[in-house]
Amino acid sequence: MTAMSAALTGGVLLKCAFRARSPALQLELGELARDCIPLAESVAAHTALESEETYVYLFSRESAAVNAAVLARAAEAAATLPSLEGAKIAAAKLLPVFDRPGASRTLAPQFHYVVEMDVAAEHEDDLNAWYDKEHMPGLAACPGTVRARRFRNPDGSPRYHSCYDLTRAETLESPPWLAVRGTAWSSRVRPNFRNLKKTMFKRLFETAL
């Protein structure tokens, strides 16, 4: 699958200020996605290792159909789920940009690493070229990476959402990963990041619908 493939999947990201623990969440999210998301394809959930956060993805085969009403309905419905009771929930649209199987694509991912950011407007073209031509392909090729994906939020901040399914959290400290991060192009682009947030999550599940 290439970065420009028409088959890329996006949808809705629910950011829940809550660490989900209930085994019922998988079933509840499947029902929510079928009810709220146009052409729902799959659901996934991940809990942060160092903060009280759960990121829920509701993927759609037609992410362009996700509008403000869909976002509001998904967030409202999620807040009624017993597994997310009491959580503050924010919804964002994710348009797909890049999706590539990783070097460890045959292994089961245990972790989900997310990098979110805005970028200075005058450097946006350079950021996107760097991400899609060098950075994402390079990190996808690192041992320990099962899948590398990137999304754009067209309506809010942070504007860019990159995520990596990993076999080990320690993949981030491996020599191949550090080599990709340490290129000259990376050094040129990095000072233009704004509102940068990096989070390591424990994978709960990703289930096809």
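Thresholds, definitions, all that
- Within every chain, residues take consecutive numbers counted from 1 along the sequence as written.
- Given that this is a predicted model, residues contribute local features only at a pLDDT of at least 70 and side-chain atom pairs are listed and counted only at 80 or more, while totals for whole chains, interfaces and linings are drawn from all residues.
- To get the side-chain values, take all heavy atoms of the structure and skip hydrogens and water.
- Definition used in this section: a nonpolar core is a set of buried Ala, Val, Leu, Ile, Met, Phe, Trp, Tyr and Cys residues joined via side-chain atoms within 4.5 Å.
- Partly exposed residues are those whose accessible area sits between 20% and 50% of the maximum for their type, while under 20% is buried and over 50% is exposed, using a 1.4 Å probe and protein chains only.
- The secondary structure listing takes helices from DSSP runs of H or I that are at least 4 residues long and strands from runs of E that are at least 2 residues long, numbered from the N terminus.
- In what follows, a contact means two residues having at least one pair of non-hydrogen atoms within 4.5 Å.
- Side-chain atoms alone can form a polar contact between residues adjacent in sequence; in general such a contact is a pair of N or O atoms within 3.5 Å, and within protein one must be able to donate a hydrogen while the other accepts it.
- Regarding the arc, it is the one traced by the directions from the helix axis to the C-beta atoms.
- Fitted lines through C-alpha atoms serve as axes, helices being fitted only where they are in contact, and the angles separating the N-to-C directions of these axes extend from 0 to 180 degrees.
- If an angle is under 35 degrees, it is roughly parallel; if it is over 145, roughly antiparallel; if it lies from 65 to 115, roughly perpendicular; otherwise it is oblique.
- Crossing handedness is read from the near helix: turned anticlockwise from the far helix by less than a right angle, it gives a left-handed crossing, and turned clockwise, a right-handed one.
- For this classification, Asp, Glu, Lys and Arg are treated as charged, while Ala, Val, Leu, Ile, Met, Phe, Trp, Tyr, Cys and Pro are nonpolar and the rest, including Gly, are polar.
- Any Lys or Arg side-chain nitrogen found within 4 Å of a carboxyl oxygen on Asp or Glu counts as a salt bridge.
- Each helix should span, by expectation, one fewer than its residue count multiplied by 1.5 Å.

The biggest cluster of nonpolar side chains holds 26 residues, and the ones touching the most others in it are Val12, Leu14, Leu29, Ile37, Leu58, Leu84 and Ile89. When residues of this core are traced back to their parent elements, those giving at least two are strand 1 (10–17), helix 1 (25–36), strand 2 (40–48), strand 3 (54–60) and helix 2 (68–78). If sequence neighbours within four positions are ignored, Leu84 has contacts with Cys16, Phe18, Ala20, Leu25, Ala78 and Ile89. Listed in part, the 23 residues of the second largest apolar core include Val115, Val119, Leu127 and Met136.

Another aspect to go through is the side chain of Arg149. Inspection of the secondary structure assignment puts Arg149 in strand 6 (residues 145–152). At 3.4 Å, the side chain of Arg149 and the side chain of Glu206 are in polar contact. Non-local contacts of Arg149, meaning those with residues more than four positions away in its chain, are made with Phe59, Phe98, Asp99, Met136, His161, Ser162, Cys163, Asp165 and Glu206.

What follows concerns helix 2. For helix 2, the set of buried residues is Val70, Leu71, Ala74, Ala75 and Ala78. Summarising the axial view, the buried residues of helix 2 lie within an arc of 125°, below the 170-degree limit, and thus occupy one face. Pointing more than 90 degrees away from the buried face of helix 2 are the exposed residues Ala68 and Glu76. Put simply, Asn67 is the residue that caps the front of helix 2, since its side-chain oxygen is 3.1 Å from the backbone nitrogen of Ala69.

Their axes nearest at 10 Å, the elements helix 1 and helix 2 cross at an angle of 150°. Considering the angle they form, helix 1 stands roughly antiparallel to helix 2. Read as a crossing pair, helix 1 and helix 2 show a hand that is right-handed. For the pair helix 1 and helix 2, the contacting residues are Leu32, Asp35 and Cys36 in the first and Val70, Arg73, Ala74, Ala77 and Ala78 in the second. Across the contact of helix 1 with helix 2, the residue classes tally to six nonpolar, no polar and two charged.

Another aspect to go through is the pattern of salt bridges. A full pass over the atoms with the stated rule returns 13 salt bridges. Residue Lys15 is joined to Glu116 by a salt bridge in which the shortest nitrogen-to-oxygen separation is 2.5 Å. One end of the pair, Lys15, is in strand 1; the other, Glu116, is in strand 5 (residues 111–119), with 101 residues separating them in the sequence. Note on Lys15: relative accessible area 24%, which makes it partly exposed. You can call Glu116 buried: its relative accessible area is 1%. Ionic pairing is found between Arg168 and Glu170, a salt bridge with its closest N-O pair at 3.9 Å. One continuous salt-bridge network, built from bridges that share partners, spans Asp99, Arg147, Arg149, Asp165, Arg203 and Glu206.

Given a rise of 1.5 Å per residue, twelve residues ought to cover 16 Å, and the 16 Å separating the end C-alpha atoms of helix 1 matches this to within 8%. Every buried residue belonging to helix 1 is among Leu25, Glu28, Leu29, Gly30, Leu32, Ala33 and Cys36, and all of these are buried. Residues of helix 1 that are buried make contact with strand 2, strand 3, helix 2 and strand 8 (193–208).

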